Amino acid sequence: MSAVQTIMVGDDDAEMRLDRWLKKRFPQLSQVAIEKMCRKGELRVDGGRVKAATRIAPGQEVRIPPLPDAQPAAERSERPLGPRVSNSDEQMIQSAVLWKDEHIIALNKPPGLPSQGGSGLGGRHVDGLTTALLFGFKERPKLVHRLDKDTSGVLLLARTDRVARALSEAFRSRTTRKIYWAAVAGVPHPRMGTIRYGLVKGGSGRGGDNEKMMAVHPRDIDKTEGAKRATTDYAVLDALATRASWCALVPITGRTHQLRAHMAELGHPIVGDGKYGGSGQENLGDGWGAQLGGEISKKLHLHARSITFDHPITKKRMTITAPLPEHMGRTWKSVGWHENDVPDDPFAEVE
């Protein structure tokens, strides 16, 4: 039986149902047990009583009463710590490790691999492969943030609960800095700026997908139900005439699909983004659309290039950088863009 614990909700868990949030962290909990804790007032959010279906928000504190162990200690020592991982998946996820120490593991997440399981995502995801990332530890490393399934790049995992809490707080308080690289249709003007459109769920994506985010003009955010403020800095690093450009994107807020929706609203959707761009998308360049064709992959061209954060234990300011995935590397080679020809942080001189 565990002790009473209080966990702060991170940005990546915004608007998640309380019961689903709990099951993600404590798989041994049943729905019946969660609802019973709510009825008895043992489970509280910011000190108040809640229901299992209550939506949680970043910064809220969830009080969790003592919980039963997942199984008896004898069984725990005999059973695997998580899902069984195939040899090929084990090699794949271990080869994705960019850097690690006793506290943190940084991955270069491949495109097409979800960070976590969920509706329509199947059973193969980073969280389900963490048993291959023990490296001598007894506990599986924990995700502290996520990347979209089709987005590649730097993803941090914490190797202890203490570090997970510290990193989650760093994401919530925005002391971390993430820089993404993207190939987009056309060339944004001005070549450096800030996008402040709000975002609201409910847009119609392909196949009736209601997870598409809709952009809301800043003046209409407060009067649009469910809309949340979102801010993205962008900078053009290089361009192929007026047809396409290589952009650096910094999400100041962390909304769902923020970068994809913001660039599409700007008129420069990300290459390969079928949800927010589509095959017939227009742009402010020569009307060529976001599908370059030929040697250019139709996969999403969005990559979490780097993350800068304060190490929770050593207190050092660290930057982890991930090389481009294969399909983006081919695009860069085709159009003559070179990774080493641009500054690590193109916004540093103007801050």
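No experiment lies behind these values; they were computed from the predicted model shown.

A. Representation of the UniProt feature "active site" (unreviewed entry) in the protein chain. What UniProt calls "active site" (unreviewed entry) maps, in this numbering, to Asp148. The residue aspartate 148 is located in the loop between strand S7 (142-143) and strand S8 (152-158) in this model. The contact partners of aspartate 148, leaving out residues within four places of it in the chain, are Lys109, His257 and Arg260.

B. Structural detail: the pattern of salt bridges. If you walk through the whole model with that rule in mind, you get 15 salt bridges. Note that aspartate 220 is salt-bridged to lysine 223, the shortest N-O span being 3.4 Å. Judged by relative accessible area, aspartate 220 falls into the partly exposed class, the value being 21%. The residue arginine 330 makes a salt bridge to glutamate 326 at a minimum N-O spacing of 3.4 Å. With a gap of 4 residues between them, arginine 330 and glutamate 326 both fall in helix H7 (residues 326-335), about one helical turn apart. Judged by its relative accessible area of 39%, arginine 330 is partly exposed. Several salt bridges converge on common partners, so that one network encompasses Asp148, Arg260 and Asp273.

Conventions adopted
Residues numbered from 1 in each chain as written. Predicted model: local features only at pLDDT ≥ 70, side-chain atom pairs only at ≥ 80, totals over all residues. Heavy atoms only, no water. UniProt positions renumbered as here; feature names shortened; annotations may be inferred. Helix = DSSP H or I, 4+ residues; strand = E, 2+ residues; numbered from the N terminus. Contact = heavy atoms within 4.5 Å. Salt bridge = Lys/Arg side-chain N within 4 Å of Asp/Glu carboxyl O. Buried < 20%, exposed > 50% of the residue type's maximum accessible area, 1.4 Å probe, protein only.

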